[in-house]
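Observations on the model geometry
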Amino acid sequence: MTLALLFPGQGSQSVGMGAALADAFAPAREVYAEIDDALGQKLSVLMREGPEDQLTLTENAQPALMAVSLAAVRVLKAEFGVEVTRAGFVAGHSLGEYSALCAAGSITVADTARLLKLRGQAMQRAVPVGRGAMASLIGPKTDLALAEAAAAAGSEIGVCVVANDNNAGNIVISGDKAAVDRAIEKAKELGARAIPLNVSAPFHCPLMQPAADEMATALATATIVAPAVPVVANVTARPETDPEVLRRLLVEQVTGRVRWRESMEWMAGEGGVTRFAEIGSGKVLAGMAKRIAPDAESLSLNAPEDLEAFARSL
């Protein structure tokens, strides 16, 4: 059985996230303390108590989601003797790619927290509030070709691209608000449902170039070493281990498409993965895994009992 560990992205945050891990395990509390110290803020208190509007801010949600994922990784190792190297691959959705790299030992916990804080701030600064938009195209008729056609219609009046190719029936577009609005109308004509997303900026599109430039500067001086486990990158949908390639892909990822469906298909196919375990807050990626690779086992690991059961199963 080949295992892949998956790390969630923005949208999986919720008040109370990671609290059960901290209550049950000292290693989880240690991770939260490391991140609080690195950021100079009580992120762990915000995660546990809210308020929700502050936790949802991109600059807080990104390091918070990483914190829960890495706390679970630390608990698996310290309490149950399960190393990340038991997995054949790691992968993360958008910001989750940083969690994956950290879990695989490529970037330290403190550096990952600081990079994600900056990433969130840079993404928010990149586009004035109200200029950009994102929308989820869903339904049985929704595939990449339909989403590309809708985005092309929007592109006639502004920036509009496919941002997240999550799975068949769930594809996200991003860009200028007017362009996304036109793409929504086109998608409906083509038989998809379209839901505008309540986001603060149009992620994973060319409008994020100022944020990509900021991240290029920050990542240029960050210490990145070869991961202990290959990281299936969002931008290439293929496993990568070269630190300089990974550094470049993290920059490209800010404006580039999250090729999640292709990443999962590669792991379940050529990668030989038969078991996907999502580590961290929420169950979004486990749900996607069931749709993309129905023959593989998919599970979510975020509660203490989940981690213990997972460790026993190995």
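Values in this document were obtained by computation on a predicted structure and should not be read as measured data. (Residues numbered from 1 in each chain as written. Predicted model: local features only at pLDDT ≥ 70, side-chain atom pairs only at ≥ 80, totals over all residues. Heavy atoms only, no water.)

1. Here we look at the pattern of salt bridges
- Per the counting criterion, the structure on display carries 18 salt bridges.
- Between Asp176 and Arg131 there is a salt bridge, and its shortest N-O distance comes to 2.9 Å. Of this pair, Asp176 sits in strand 5 (residues 170–176) while Arg131 is found in the loop between helix 7 (109–126) and strand 3 (132–138), placing the two residues 45 residues apart along the sequence.
- Its salt-bridge partner being Arg247, residue Glu244 comes within 3.0 Å of it at the nearest N-O pair. Of the two residues, Glu244 and Arg247 both sit in helix 11 (residues 243–255), three residues apart, roughly one turn of that helix. (Salt bridge = Lys/Arg side-chain N within 4 Å of Asp/Glu carboxyl O. Helix = DSSP H or I, 4+ residues; strand = E, 2+ residues; numbered from the N terminus.)

2. Here we look at a nonpolar patch on the surface
- Taken together, the side chains of Ile195, Leu197 and Val199 make up a nonpolar region of the molecular surface, amounting to roughly 190 Å² of accessible area.
- Summarising the element assignment, Leu197 is placed in the loop between strand 6 (193–196) and helix 10 (209–220).
- By relative accessible area, Leu197 is classed as partly exposed at 33%. (Patch = residues over 30% accessible without salt bridge, like charges linked within 9 Å, V, L, I, M, F, W, Y side chains within 5 Å. Areas by Shrake-Rupley, 256 points an atom, 1.4 Å probe, with all protein chains shown as cover. Buried < 20%, exposed > 50% of the residue type's maximum accessible area, 1.4 Å probe, protein only.)

3. Description of the packing of aromatic side chains
- Within this structure, the stated rule accounts for two aromatic pairs.
- With centroids separated by 6.0 Å and ring planes inclined at 80 degrees, the aromatic side chains of Phe25 and Phe80 adopt a geometry described as edge-to-face. One end of the pair, Phe25, is in the loop between helix 1 (19–24) and helix 2 (26–39); the other, Phe80, is in helix 5 (residues 58–80), with 55 residues separating them in the sequence.
- Taking the centre distance of 5.2 Å and the plane angle of 85 degrees together, the rings of Phe89 and Trp266 count as edge-to-face. Residue Phe89 is found in strand 2 (residues 89–92), and its partner Trp266 is found in helix 12 (residues 260–268); the two are separated by 177 residues along the sequence.
- Residue classification places Phe89 among the buried residues on the basis of a relative accessible area of 10%. (Phe/Tyr/Trp six-rings, centres within 6.5 Å; stacked < 30°, edge-to-face > 60°.)

4. Regarding the pairing of strand 3
- Most of strand 3 is tucked away, with six of its seven residues classed as buried.
- Pairing analysis gives seven bridges linking strand 3 to strand 5, with the strands arranged antiparallel. For Ala133, the partnering residue across the bridge sits in strand 5 and is Gly175. (Pairing = 2+ DSSP bridges.)

5. Structural notes on the sheet that holds strand 4 (residues 160–167)
- In spatial order, the strands read 4-5-3-6; together these four strands make up an open sheet with antiparallel pairing. The open sheet is flanked by strand 4 and strand 6, the only strands paired with a single partner. Strand after strand, the sheet turns through a mean of 25 degrees between neighbouring axes, direction not considered.
- In this fold helix 8 (residues 144–154) packs onto strand 3, strand 4 and strand 5, with an angle of close to 160 degrees to the strand it touches most, strand 4. (Axes fitted to C-alpha atoms, helices over the stretch in contact; angles between N-to-C directions. Contact = heavy atoms within 4.5 Å.)

6. Observations regarding helix 2
- Taking 1.5 Å of rise per residue, the 14 residues of helix 2 would be expected to cover 20 Å, and the 20 Å separating its terminal C-alpha atoms lies within 8% of that figure.
- Turning to helix 2, its buried residues number three or more, namely Pro27, Ala28, Val31, Tyr32, Ile35, Asp36, Ala38 and Leu39.
- Taken from the residues just after helix 2, Gly40 is the one with a positive phi, measuring 70 degrees. (Expected span 1.5 Å × (residues − 1).)

7. Topic: the side chain of Thr142
- Take Thr142: it is sitting in the loop between strand 3 and helix 8.
- Side-chain polar atoms of Thr142 contact the backbone oxygen of Ile138, separated by 2.9 Å.
- Once residues lying within four places of it in the same chain are set aside, the contact partners of Thr142 are Leu137, Ala168, Gly169, Asn170, Ile171 and Ala192. (Polar contact = N/O pair within 3.5 Å; in protein donor to acceptor, adjacent residues only side chain to side chain.)

Coordinates in, geometry out; function isn't part of it.
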